[in-house]
Structures are given as C-alpha cells and as structure tokens.
Amino acid sequence: MFKPKELFIRGYSIPLSDSNLFNLEDPEDQSIVACPQPPIEAVKAGKAVSVPSGEFDISVILEQLPNSFQPEIVNLSARNMNFIPRGLERIKCPKVMKIGDTFHWSDGSLKGIIQYCQTLQCDYHWVYQGVQHLHFFVEAGLKNVFWLPGTPVIEHYIPQNKESKSYDIIFRGSQSELHVHRSRLVKFLQNSKVNIDIQSKPYIECLEDYANSRIAFNCGLNGDTNRRVFEVMMAGGFLLTDRLSSQSGLFSLFQEGVHLECYENEGELLHKIKFYLKNPDKAEKIAAAGHQKLIDCYSQQTVRQKFYRYILEGKIEPPFLLEHDKRVLYINRNGDHKKFSIRLQVYELIQEIHRLNPQIKLLYWKGVNQEMVSDLADLPRLDITYFNLKEAVIEMEAWCSKVGVKDQVHLEYLPSLQKFQIVLLDLPDTLAAIKQLLLEVEPKIANSGFLLIVGDTKRQTKRILNLLARLRGFIPVSLCVAGSQQPLGVGACFVYQKLARGGQVSQESTPKLFVNKLSLKAKVRMQLRSLPLVRQAKKFVKSFLLKKS
C-alpha cells in the first residue's frame, strides 16, 4: 500500500476541519499543506506552512519545510487563478494538478482553467467531476490527463441500515442561484404534490438521511457527475439522478437500473418517483447493488491507491485514461490554436445557456466544423440538429460515429418546418454568402431565438454583418455570465437575437430561452480596457509589481 509524503499547495485557506488534508491525530500521515492563513494548530504540529495568496516563488515554501521532509508528490488545485507558485520544477517529484469545476464560472472559465494549467505545467492533471471536458485539456497539450471517481473528496462514513424509512423523498444540497435547473425541478416536484423533504444539514446527518429515505433525489449543476452520486451510494441510499451524457463517465462506473436510476425530464422524474414508491423492494435492490459496487470498486482507499499507483508507477486501469470518451482518440494536437480557442469560447457560451434552461434545441446550418459538433454533444439537455447537403451530412455522420456521439446528434439533409432556439452558422468569406445564409436560416429561428455566427471576428466584418442581420430582423446582443458580467463569445462569434416583427404575438410552441445580457456599463468598461493606452498601462503596473516582489 502506498503512503507517500505529499505536499499540498492551495491558493485558499484550508480549515482544520478538512479531514482530507488535515489529520493531526494520525502519526502515519506524512502530508504538509501550504496555503494562505493556515490553521495555527496545523502550523504548530508541523502540518502546514503559510504562503501568499497571489504570485510568489516556490522558495517561500521550501524554506519552511523541515529538512527531513522530501515530498514524493506535490498536489495543486486549479481554483484560484491568481495563485501562481513559480519555480515548481525545482521540486524533484511529480507535480499533480486537480482541475476545478469547469461546468460553471464560479472557480474560473473552462478556457481560463486550461490557461492556468498551461502556466504551471504540471506532470499530471486529473478531475473527479466535469470529466466530459478533459478532451479539451488533452488537445491543449497538457500532460497525463486522467480522471477518478469522486470518493477521495468525500469523507468515509456508512450509516447503519434502517429497517423502516422516515422519508419518502429527500433532497440534501444547495439551491443557490448557480443551480437553476435543480431549483426548477424541486419546485416542479413541490407543485406536483410530491412529498419531498428539503433541508440543509451537516455532512454526516445527510448521509444518515440518505440511508433513511426511500428515494434520494439528485440533479447536477450543469451535466456533471457531482459528489452527491457517491455520497448517496456510499450511504446505501437509493439514488435518482439526472441522466448525463456517456462522456460524463457516470455510466462507465455504474449501470442505470442496476446501481442507480436516472431521469431525463420532468415527466420521467415524476413517473419514476411514483413507480419506486409503489415498489420499494425494487428500490432497495438497486440501492444495495449501488452501495456494494461503490464499496468494492470505488471506495476512498481504493481510489486513492489508484491515484498513487498511476503517479508513482505509471499504472492505471480503464476507463480513467479517458477510454470512455472516443473524442480523445482523434484529437489534433498540432491543430490551429485560433480555431481551438474559438471552439472553447462557443462551448462556454452554450454551456452557460444550458445551465440556465431545461431544454435547448440547436441547429448547426451547413457548417463544416466537425469538432464543434462533437464538443457540444456532451451537454445532456442540448438537442443538436446538423443540416447540410447530403454529401456533407454523410461526412458528419462518419465523424460522429468515429468519436462516439452519433446517437447525440440529429443529421438531416431535407429541410423541416421545426423552429430552433439557437442556430449556429460558420462565418462566410463573402458578402453574398452572408446574405444567402441569413435568408436561409431566418425562418428556422424561433422568435426571441439566437443566431451565433462563428469565426475569427473582426471589427469591419461586424459593421457589415450587423447591418445585414438587422435587415433580416435580428439585433446584435452581448451575452454574459450571471452575476459577474463576464462576457461570453467575444472574438469567437457574433450573437444576434430574432425579434417578432410588427409587434406580432408569437404562436410558436418553442420555449423562449433565458439568457443574461451584458449591461451598458460593462460594455463601456470592456471598450475602455481594449484601448492601447490602457493595455500598456496594465502591463507596466504588472511588471513593476513583479520587480518589487
């Protein structure tokens, strides 16, 4: 069994209660945590050292380590993007980066986290959720990208079996403003007179409740395998969770209907709740199988040993080197960096809209970017249709089959009458082509729907395109991340919204998408930041501060 000496470097303060990093009572624990404002008790016990919260040289840590402590693994985390320890190469052991949440903007954008990892250049990069995004990290040239189940980030505790259940259905977790789809489903269940108990409780009490309920409801934040999947199964509860894409890794670990149950929409959720409340023996059988699978294959100790075995001996079993995601096999590591950046930004934009809406119908009209289609396919509530001439559709079908997303994309070469909430167009080369494509797609877009014209956008092109778009009933809009006013898609696509003409009331059944639009104040601030004089001043200040430090 591996018990290496580990140095954990974190860009945020770690509380003493975090038993995954601090275990002052265990004499065999050989780890030291370097973080801003570490707990005094941990520092006195020789288990923690203090570091700045921004950019600093690694010597700040090395000078505080005991002479007897030579780390065998250095663990970092991509959460605080301003936390940059320089000179990591001077520590002669593997440097391992745990990638943060890449499916929302709380810890940093997908593109921003990739750039952060490129800056620090670790030897290994891994995640326990957001697995569907790792093909981007591989394509960005990062070393040894892999994933592991989420059990190492939760504390081990198994409640005693309950002969009788106190709850029908429970939900234990956050309903913050980030969790839009989850909150929508909880409200739906309440309106449907479902007897669901919703509380926020300490971790151990939540585990006790999972074991003490007939159904534990779960919904990820944005198509991700969240830690509640592992918590419920570890506790022996019956898990009913949202059905994710195959690229999420969930179904490489567990089998639907055997170890857990899934739902796709409100109707299926309600149906399965009623079914399993009427058939508690079936729910108990699935709960027992899921618990046993987790304990046998994915317990905290088992997964931690898998981690050490790969880092120290280079040995890891499928599917953790991304064998579950065929997109990784066909990555062009020497591809066009600009096109890769555009794909990332388009994905981030649509992923953010996906977080806010229950279902999205998207059309990619006569496009040629096969990778962009397969990128978007892992968003489980995104219904993708690709339309083109028959020969192009055949080529797209071959690509989708090769990368394992054929069942996640509708391929058409005969026009239909359906409307879409989002339509993607590749930016044409000529004015005539722009006019023709706008004429073709205008009837396909639902009122208040969005047109995304994807490509290497330039200021001159934007003026012409805005004029032509307005003539077809589209207005240019700027989308952003809720709360932060962080702009989306800048430099990668032009975004337009279709308006109903003449004040007509729309009779369409296609739901209107909820999005966040950039404020006028934020637009002005962006324009000021882009001025050459402002950019030069920022560079000078940063250079001055680095010299001073």
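Refer to the preceding data block for the structure.
First, a word on what this report is: a plain description of the structure on this page. (Residues numbered from 1 in each chain as written. Predicted model: local features only at pLDDT ≥ 70, side-chain atom pairs only at ≥ 80, totals over all residues. Heavy atoms only, no water.)

**Re the overall build of the protein**
- The number of helices and strands found in the protein is 18 helices and 23 strands.
- Expressed as a percentage of its 549 residues, the buried residues of the protein come to 51%.
- Treating the 71 positive side-chain charges of the protein as one cloud and the 57 negative ones as another, the clouds have centres 8 Å apart. (Helix = DSSP H or I, 4+ residues; strand = E, 2+ residues; numbered from the N terminus. Buried < 20%, exposed > 50% of the residue type's maximum accessible area, 1.4 Å probe, protein only. Lys, Arg positive; Asp, Glu negative; His and termini not counted. Charge placed at Lys NZ, Arg CZ, Asp CG, Glu CD.)

**Describing unusual backbone geometry**
- Cis peptide bonds are those with omega within 30 degrees of zero, and the linkage from P318 to P319 qualifies with 5 degrees.
- In this structure, Q121 is a non-glycine residue whose phi angle is positive, near 50 degrees.
- Tracing the chain through its elements places Q121 in the loop between α3 (110–120) and β8 (124–127).
- Backbone geometry at K193 places phi at a positive 65 degrees, although glycine is not the residue there.
- Position of K193 among the secondary structure elements: in the loop between α5 (180–191) and β11 (196–199).

**Describing the nonpolar core**
- Residues L7, I9, I61, F137, F254, I350 and L424 are the most contacted members of the largest nonpolar core, which totals 117 residues.
- For this core, the element with the most residues is helix α12 (residues 337–356), which contributes eight residues.
- Ignoring anything within four residues of it in the chain, the contact list for I9 reads A34, I58, I61, V74, N75, L76, S77, F83, P85 and L88.
- Formed by 21 residues, the second largest nonpolar core is a distinct cluster that contains L185, L189, C219 and I273. (Core = buried A, V, L, I, M, F, W, Y, C linked by side-chain atoms within 4.5 Å. Contact = heavy atoms within 4.5 Å.)

**What about the sheet that holds strand β16 (residues 382–387)?**
- On the basis of which strands lie adjacent, the open sheet formed by seven strands has the order β17-β16-β15-β18-β19-β23-β20 and mixed pairing. The open sheet has two free edges, formed respectively by β17 (409–412) and β20 (474–476), since each of these has just one partner strand. Direction aside, the axes of adjacent strands within the sheet are offset by 25 degrees on average.
- Of the pairings in the sheet, the one linking strand β15 (residues 360–365) to β16 comprises six bridges and is parallel in character. Each bridged residue has a counterpart across the sheet, and for W365 the counterpart in β16 is F387.
- The strands touched by α12 are β15, β16, β18 (420–426), β19 (445–454) and β23 (493–498); relative to β19, the strand with the most contacts, the crossing angle is about 160 degrees. (Pairing = 2+ DSSP bridges. Axes fitted to C-alpha atoms, helices over the stretch in contact; angles between N-to-C directions.)

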